[in-house]
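So the chains spell out like this:
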Amino acid sequence: MNDERPHILLIEDEIHLARGICFNLEHEGFRVSHEESGEDALHRFGYDRFSLIILDIMLPGIDGFKVCREIRKQDARVPILILSARSEEGDRITGLGAGADDYLMKPFNLEEFLLRVKGMLRRSSWYRPEPVEEGYRFGDNEVFLLSYRARTAQGEIDLTELEVKMLAFFFRNKDKTVTRAALLENVWGYSSDTETRTLDNFLVRLRKYFEPDPANPRYFQTVRGVGYRFTRGDR
Ligand code: CA
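From a predicted model like this one, the values you see are computed outputs, not experimental measurements.

Q: How should I be thinking about the domain arrangement of the protein in this particular structure?
A: Many structure descriptions define interface size as the accessible area lost when the parts assemble. Domains assigned within the protein are domain 1 (7-127) and domain 2 (137-230). Taking the mean C-alpha position of each, domain 1 and domain 2 sit 23 Å from one another. Listed as interface residues are 17 residues of domain 1 and, on the opposing side, 21 residues of domain 2. The tally of links from domain 1 across to domain 2 stands at five residue pairs in polar contact (both at pLDDT 80 or more). Secondary-structure elements contributing two or more residues to the side of domain 1 that touches domain 2 are helix H4 (89-97) and helix H5 (110-126). For the side of domain 1 that touches domain 2, the leading source of residues is H4, giving five residues. Looking at the side of domain 1 that touches domain 2 residue by residue, the class counts come to six nonpolar, three polar and eight charged.

Q: I would appreciate a short explanation of the packing of aromatic side chains in the present structure.
A: Two descriptors summarise a pair of aromatic rings, namely the distance from one centre to the other and the angle between the planes of the rings. In the structure shown here, the tally under the stated rule is 15 aromatic pairs. Ring plane angle 10 degrees and centroid distance 6.3 Å describe the contact between Phe45 and Phe50, whose orientation is recorded as stacked. We classify Phe50 as buried; its relative accessible area is 11%. Centre to centre, the rings of Phe171 and Phe230 are 5.1 Å apart; their planes meet at 55 degrees, and the pair counts as tilted. Highlighted residues: Phe171 in helix H6 (residues 161-172) and Phe230 in strand S12 (residues 227-230), separated in sequence by 59 residues. Just as Phe171 is buried, Phe230 falls in that class too. Taken together, Tyr136, Phe138, Phe170, Phe171, Tyr209, Phe210, Tyr219, Phe220 and Phe230 form an aromatic cluster joined through their ring pairs. It is Arg149 that lies over the ring of Phe144; its NZ or CZ is 4.5 Å from the centre. Over the ring of Phe202 we find Arg205, and its NZ or CZ is 4.5 Å from the ring centre.

Q: How should I be thinking about the coordination of the calcium ion in this particular structure?
A: Around a metal, the idealised angle for a tetrahedral arrangement of four donor atoms is 109.5 degrees; for an octahedral arrangement of six donor atoms it is 90 or 180 degrees. For the calcium ion, the full set of protein donor atoms is Asp13 (OD), Asp56 (OD) and Met58 (O), and the range of their distances to it is 2.1 to 2.3 Å. Between consecutive donor residues of the calcium ion, the sequence gaps follow D-x42-D-x1-M. With Asp13 in the loop between strand S1 (7-11) and helix H1 (15-27) and Asp56 in strand S3 (residues 52-56), this residue pair connects regions lying 43 residues apart in the sequence.

Parameters at a glance
- Residues numbered from 1 in each chain as written.
- Predicted model: local features only at pLDDT ≥ 70, side-chain atom pairs only at ≥ 80, totals over all residues.
- Heavy atoms only, no water.
- Domains from an automatic or database assignment.
- Contact = heavy atoms within 4.5 Å.
- Polar contact = N/O pair within 3.5 Å; in protein donor to acceptor, adjacent residues only side chain to side chain.
- Helix = DSSP H or I, 4+ residues; strand = E, 2+ residues; numbered from the N terminus.
- Nonpolar A, V, L, I, M, F, W, Y, C, P; charged D, E, K, R; others polar.
- Phe/Tyr/Trp six-rings, centres within 6.5 Å; stacked < 30°, edge-to-face > 60°.
- Buried < 20%, exposed > 50% of the residue type's maximum accessible area, 1.4 Å probe, protein only.
- Lys NZ or Arg CZ within 6 Å of the ring centre and 35° of its normal.
- Donors = N, O, S within 2.8 Å, 3.2 Å for Na, K, Ca; no water.

Below, the structure written as structure tokens:
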């Protein structure tokens, strides 16, 4: 029988927490596979297909950051949600730098957790790749939103789900100042002041990809105290 339910991979070594997460996700109609170590998860990832990865950072062998990087090498698109018990801001930034799309701190509220999972799955289903596509050009860059690719001065790169979503939002609002709240709302589907570091981290990534001089951005400009503005730099 063909199982159409979204398949979620949970990588978590705390058994009680893992059981609770599995129970609740299954209750919501998802199919969940659980691995207790990064090594087992990567082995599993080699032959199984997933719609979403939920990844704990503190694991017995290789840590979640390493797992995240390895998964990203094999799959640029699968959404990755990191769970961490550590409150350090550095963890969030390391996680996003490793290619994760979102970050949730333990202990978390079950409702918020489920909302994020559903939001990430919904967004990933909006962006099904299509065969032929004309890229969006600015400067030396060409971005293919539907196929999650971009050609940049540094070569061809794969884009993640949230990068694509953020780029699409910037392109739609070309030359307009977009507030942080609007970006969070439109890209992540929720708005919260505590998430602004997540947003800033994504901007750092986009500038690294697309700006000739990331420290002096031409395309993705900061509008101090308000948010950001994308321009094609062709005026
Ligand atoms: Ca753990």
